[in-house]
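Below, each chain spelled out in residue letters.
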Amino acid sequence: MVTATVEAGRRHRSSFIARKTTRQAVLIWCFLAPSLLIFLLYRILPLAWNVILSFQAWSPLRPAVWIGFDNYDEMLTDEVFWQSLWNTLYIIGSAPIGIAIALALALLVNADIRGRDVYRTAIFLSYPLMTVAVAIIWRWMFDERVGLINYVARSLHLVDSPIQFLNSFTWALPSVIAANIWQMLGFYMIILLTGLQNIPGNLYEAAEIDGANAFRRFLRITLPLLKPSIFLCFVIGMLNSVTSFDLVYVMTGGGPGRATEILVTYIYKLGFVQTRFDYAAAVTVVFFIMLITIAWAANRFSGGNAGAVERD
Amino acid sequence: MRHYPRWPIHLILLVASFIMLVPFYWVLKTSVSGENIFTYPPNIIPRNPHLFYYVDVWYAIPFARYFLNSVIVSVLTIAANVIFNAMAGYALTRGFRGKNLVLMLFLSCMMVPFQATIIPAYLITGKLGLLDSYLGLALPQFSTIICIFVFKASFDAVPKSLIDAAKIDGLSEWRIIWKVMMPLAKSAMATNIILSFIWSWNNFLWPLIMTRSADMQTLPLGLSRFLSYQEDTTGALYAFCVMVLAPGILLFLLAQKEFIQGLTSGATKG
Amino acid sequence: MDRRTVIKGGLAMAGVLAAPAYLRAQSNKKISMLTWNIADQEAYFKELFADFTKDNPGVEIEWLDKKGPELPAFYQTQLVAGTAPDIIDLQGMIWVEWAANGALLDMSPMLEKEPAVAKLYNPDYLSGFVYDKKQFAIPFYVAKTLLYYNKTMFKEAGLSGPPKSFDEIINFSQAMAKGEKTGFLTLNFDWLYWPLMRMNGVELLKPDMRTPAFNTPETAAVLDKLAKATASGGINKIAWTGRWVEPNGAFASGNVGMLQAHSASYFFVKGQGPWVNPDTLGATQAPGNWSTPTNHAFVISKSSKNPEVAWALIKHMTGNKWATKFALSRRILTGNVEADNTVLAKMKTEDPLAHAVLQTQIEHTDKMTGNWPLPNDAQVKDAFWPEIQNAVLGRKDSKTALADAERAVTRVMRRS
């Protein structure tokens, strides 16, 4: 493939305009080919497999039978599905909290102060960590007996007896979300920082001359121009958190009860623990449609410019 | 810019950095603790610290082998990502028929949860004859959508006049990418390297399903294995955590100037 | 280097990287074995394999180990790809589903041919692996629940001995609950809490093994008692929310009066609780001598190309010599009679407390419950347990919870 493109490039020099466009199109498709091929193999074909399977009854030892919409029907009355869906939406809904904190930190780090690189590093350091390790770290932080969080809360007399964070129906999901935000915060901040530094300084100067105060400048200039970056944060944050299988799997395993069950963990359990790959496929399809819809809505909301990260 | 007091900014950032770093300290502390790690109240500073748990880990699993496997897979992934994503990103800066379709396709590919694709992915990898191999471990991550868009955005920022000038000079498209665009897209490259490294280094479920022989296991598998038979009853688990995380953090700290600065300031230069 | 050489070199390298390691070493009699989370026993298995291949030249053994929650995922993928391991070590009742779906080899003919082999094992444990009148698994190591109790806390509360009935469990728990102290804990994964139900006469299913039998006023009364004791602190909440580390850890802290768990918990508790000795920890049967087993057993895949070699290896591993070694090194029972007697005799002098714990595992093996051979055990469990959890934690009143559980279980049963 590489040779082909090189030759296409060479011939390109001595070609007519009309042939040039065809050749260019060929070149463009050649450039796209490796990525497209990988996505075809590992995203699109598996998705198609899921779509087909969702209309069938199948398990590794039983031949497939077409059953129409039965799997989808079952979802309507499956309480665990609704609980996982709700938990998933809850996690997506918490993404803006992380983004807001990250935005505040980005604004501060963007200020002209000494040691900003140190702060930036400290805040970003949690992102490159292995998620399994993050889960282990936070399980230890939340530990009922000797976890730091309970220790601090007890020392300050905020609580009388230790809170069983990861075993409590009330606290388990927020605890997982806290760990997730801790890991993602640095990433959000870097993206937002990039966005901030791309805002031309003269806009602020003009606004200042017009007498706009800092808060108005933030609302009128910073926030609107930051929209694409915020969109990117939201989409990546959403994908990262709803697919944070490792985190939930190691921290709580979806429990207690179904308190931290999210759609990806449920899909995994349906398939591999209950051997219900057919039904799991139907849940996957619904999950996929849900993510697409949310991403599309977020894109519309941010001004319909998906993918434009750094510039207009 | 008007002058304003700096100390509140420092204060807030100090508190934020503290909160972000405390978990690191807590794990590090546990991993060198000499006392029973379940005594209450926990000691903030470890009493008679020692490295016993680290020795424990070293002998409990073939750490060096797992480490090497993780490095090989990550290097393959990074190399493929930089090349393929740059090519795809460049293609997307051009107008062509079907571009919107490709864009839509890429965006929707992001939404396919990996956990649901294990079985078909496994079968496909098997058909390619890549089971239990480094290439098979790395292949699904050879191109990542987010990174393609990072390249596209970076290339979009290159002034069109520069490309036209290069064309008039008779440079081929291939050369334009590598000689003109890439040097201007250092930030995108840095982002690609660091992100693909992180994703590949952290991958857990795929190697779990994919690898059969003990020689092919990667570090996250070692971590999960360790978690299971030690439960969290000894400090060794935390020593292992530190050993797994240290290389990544070290790499990041060494290269962070290029990474973050490239990432945050590169685009404005374009 | 010109570009072409680079590409060629790259392709050649990709070829090397691509060849799977386990295909590079081929032999005609290859056996693969998948075990369940005992990677720490590498030395034992290496020795055992060497011993086996000495008598069976030309056999090559590939040993794989995955941790519990991930083993089924790994197996299912291998199954779909047609490369299922020949021998698999399975925990709990998963084997029933696999057997019912035709994935496992029926070992009854082999046992009929060699009647001496069947005599090696404890008959109650061995018959626990029969489904549809066929023997699908051979025990590897076994355990069932018992009642641990904290003698110090019993003395403080003025209690003279372990509880003899369900009501005593509840009353004793209440008597010991004070401040941070609670009276009772149980493990709850699989069906390990089920003795609590069974000692009250609660049945999960009618004899047809399809219709729920548990939605009765009696069951509701049991749940109410449990919920009340939980709300008042008699029963520790971890009993209903914790997995493995949490309940054992809580009991090890010395602040809980009783723990219903299997023999493996003893070593966990002893490792974490410096207070544990024969004067402070008691081990006895739960009231009514009811217990729920949680065993490990070897099965053979039907797809195995060398079933006779697989069978020979299983006999080798569960035979007197290697079962004894395993029992001694891990201090557990194996279901192999001679091995278990050896380890019990050794423990009697070395560690009387461990002996007391292990002794419970071979007593009253006729009173095992919560081990129904259900092909859809995982789904029934998933439908049933969350509602029980809701009831005992006071999140739902017990009648509603039972009605919901009945509906969910009925749905599962109708589907299969």
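Residues numbered from 1 in each chain as written. Chains lettered and ligands numbered in written order. Predicted model: local features only at pLDDT ≥ 70, side-chain atom pairs only at ≥ 80, totals over all residues.

Asks: So what exactly am I meant to see when it comes to the overall build of chain B here?
Replies: When helices and strands are tallied, chain B shows 13 helices and 0 strands. Going from N to C terminus, chain B has its helices and strands arranged as α-α-α-α-α-α-α-α-α-α-α-α-α. Here chain B holds 270 residues, and 49% of them are scored as buried. The long-range share in chain B, meaning contacts at least 24 apart out of those at least 6 apart in sequence, stands at 77%. (Helix = DSSP H or I, 4+ residues; strand = E, 2+ residues; numbered from the N terminus. Buried ≥ 20, exposed ≤ 12 C-beta atoms within 10 Å, placed from the backbone. Contact = placed C-beta atoms within 7 Å.)

Asks: What is the right way to look at helix 21 (residues 398-415) of chain C in this model?
Replies: Residues that lie three or four places apart on an α-helix share one face, since the helix turns once every 3.6 residues. Residues and elements named next belong to chain C. The first and last C-alpha atoms of helix 21 sit 26 Å apart over 18 residues, in line with the 26 Å expected at 1.5 Å per residue. Those residues of helix 21 lying buried are Ser398, Ala401, Leu402, Ala405, Ala408, Val409 and Val412. Within helix 21, the buried residues cover an arc of 130° as seen down the axis, which keeps them to one side. Summarising the contacts, the buried residues of helix 21 are in contact with helix 12 (217-231) and helix 20 (377-392). (Expected span 1.5 Å × (residues − 1). Arc of directions from axis to C-beta.)

Asks: I tried to follow the sheet that holds strand 8 (residues 182-186) of chain C on my own but got confused; where do I start?
Replies: Within a beta sheet, neighbouring strands are joined by backbone hydrogen bonds and run either parallel or antiparallel to one another. All names here are of chain C. Pairing in this open sheet of 4 strands is mixed, and the strands run 8-9-7-10 from one edge to the other. With one partner strand each, in any of the chains shown, strand 8 and strand 10 (281-284) form the two edges of the open sheet. Taking each pair of neighbouring strands and ignoring which way they run, the sheet shows an average axis angle of 20°. Across 4 bridges, the pairing between strand 7 (residues 145-150) and strand 10 is antiparallel. (Pairing = 2+ DSSP bridges. Axes fitted to C-alpha atoms, helices over the stretch in contact; angles between N-to-C directions.)

Asks: Would you take a moment to explain the domain arrangement of chain A for this structure?
Replies: Interface size is commonly expressed as the accessible surface area that is lost when the partners come together. Residues and elements named next belong to chain A. Taken domain by domain, chain A holds domain 1 (2-53) and domain 2 (70-301). For domain 1 versus domain 2, the distance between C-alpha centres works out to 36 Å. Contact with domain 1, which involves 4 residues of that partner, is made by 6 residues of domain 2. Per-class residue counts for the side of domain 1 that touches domain 2 are 3 nonpolar, 1 polar and no charged. (Domains from an automatic or database assignment. Nonpolar A, V, L, I, M, F, W, Y, C, P; charged D, E, K, R; others polar.)

Asks: Could you clarify how one ought to interpret the pairing of strand 8 of chain C in this entry?
Replies: Regular strands place side chains that alternate from one sheet face to the opposite one. All names here are of chain C. In terms of residue burial, strand 8 counts as a mostly covered element, since 5 of its 5 residues are buried. Across 4 bridges, the pairing between strand 8 and strand 9 (residues 256-262) is parallel. Bridge pairing in strand 9 places phenylalanine 184 opposite methionine 258.

Asks: Is there a simple way to think about the pairing of strand 11 (residues 296-300) of chain C in this case?
Replies: All names here are of chain C. For strand 11, a buried count of 5 out of 5 residues is recorded, marking the element as mostly surrounded by other parts of the structure. Here strand 11 shows a buried face lined by His296, Phe298 and Ile300 and a second buried face lined by Ala297 and Val299. Relative to strand 11, strand 3 (residues 87-91) is paired through 5 bridges, and the arrangement is antiparallel. Within strand 11, the residue paired with leucine 90 across the bridge is alanine 297. Bridging between strand 6 (residues 138-141) and strand 11 involves 3 bridges; their strand directions are antiparallel. If you follow tyrosine 141 over to strand 11, its bridge partner there is histidine 296.

Asks: Please clarify how the nonpolar core should be interpreted in this entry.
Replies: For soluble globular proteins, the rule of thumb is that nonpolar side chains tend to be buried together. By size, the foremost hydrophobic cluster in this structure holds 291 residues, and its most contacted members are Ala133 and Met189 of chain A together with Trp95 of chain C. Considering each element in turn, this core owes the most residues, 16 residues, to helix 8 (residues 172-197) of chain A. In this structure, tryptophan 95 of chain C is in contact with Leu90, Leu104, Phe129, Phe136, Ala137, Ala297 and Val299 of chain C, ignoring residues within four places of it in sequence. (Core = buried A, V, L, I, M, F, W, Y, C linked by C-beta atoms within 7 Å.)

Asks: Explanation requested: the interface of chain B and chain A in the structure shown.
Replies: Each partner contributes residues to the interface: chain B has 84 residues there, and chain A has 79 residues. The element contributing the most residues to the side of chain B that touches chain A is helix 13 (residues 236-269) of chain B, with 15 residues. Taken together, the residues of the side of chain B that touches chain A sort by class into 60 nonpolar, 18 polar and 6 charged.

Asks: Please explain the UniProt feature "transmembrane region" (unreviewed entry) in chain A as it appears in this structure.
Replies: Per the UniProt record, "transmembrane region" (unreviewed entry) is annotated on residues 26-45, 89-109, 121-141, 171-193, 225-245 and 279-298 of chain A. Counted over residues 89-109 of chain A, helix gives 100% and strand 0%. Its end C-alpha atoms are 31 Å apart. (UniProt positions renumbered as here; feature names shortened; annotations may be inferred.)

Asks: Would you take a moment to explain the interface of chain C and chain A for this structure?
Replies: Taken residue by residue, the interface counts 23 residues in chain C and 18 residues in chain A. Residue assignment for the side of chain C that touches chain A shows that the elements contributing at least two residues are helix 4 (71-80), helix 13 (238-241), helix 14 (245-252) and helix 20 of chain C. Considering only residue class, the side of chain C that touches chain A consists of 9 nonpolar, 9 polar and 5 charged.

Asks: Just checking my understanding: could you explain helix 14 of chain C for this structure?
Replies: Residue and element names in this part refer to chain C. Among the 8 residues that make up helix 14, 7 are buried, leaving the element largely enclosed by the rest of the structure. The secondary structure elements touched by the buried residues of helix 14 are strand 7, strand 8, helix 13, strand 9 and helix 15 (264-272). Positioned one or two residues after helix 14, glycine 254 has a phi angle of 85°, which is positive.

Asks: Would you mind going over the sheet that holds strand 1 (residues 29-36) of chain C with me for this structure?
Replies: Residues and elements named next belong to chain C. Sheet architecture is open: 5 strands sit in the order 2-1-3-11-6, paired in mixed fashion. At either margin of the open sheet sits one strand with a lone partner, and together these are strand 2 (59-66) and strand 6. Strand-to-strand twist across the sheet, computed as the mean angle between neighbouring axes with direction ignored, equals 25°. Pairing analysis gives 8 bridges linking strand 1 to strand 2, with the strands arranged parallel. Its bridge partner being in strand 2, serine 32 is matched across the sheet by glutamate 62.

Asks: Even after reading the chapter, I still don't get unusual backbone geometry, so can you show me in this structure?
Replies: Non-glycine residue histidine 157 of chain A carries a positive phi angle of around 60°. Tracing the backbone through its elements, the reader meets histidine 157 of chain A in the loop between helix 7 (148-155) and helix 8. Not every positive phi belongs to a glycine, and aspartate 132 of chain B is a case in point at roughly 60°. On the secondary structure map, aspartate 132 of chain B appears in the loop between helix 5 (118-127) and helix 6 (134-138). The exposure class assigned to aspartate 132 of chain B is buried, which follows from the 21 C-beta atoms found within 10 Å.

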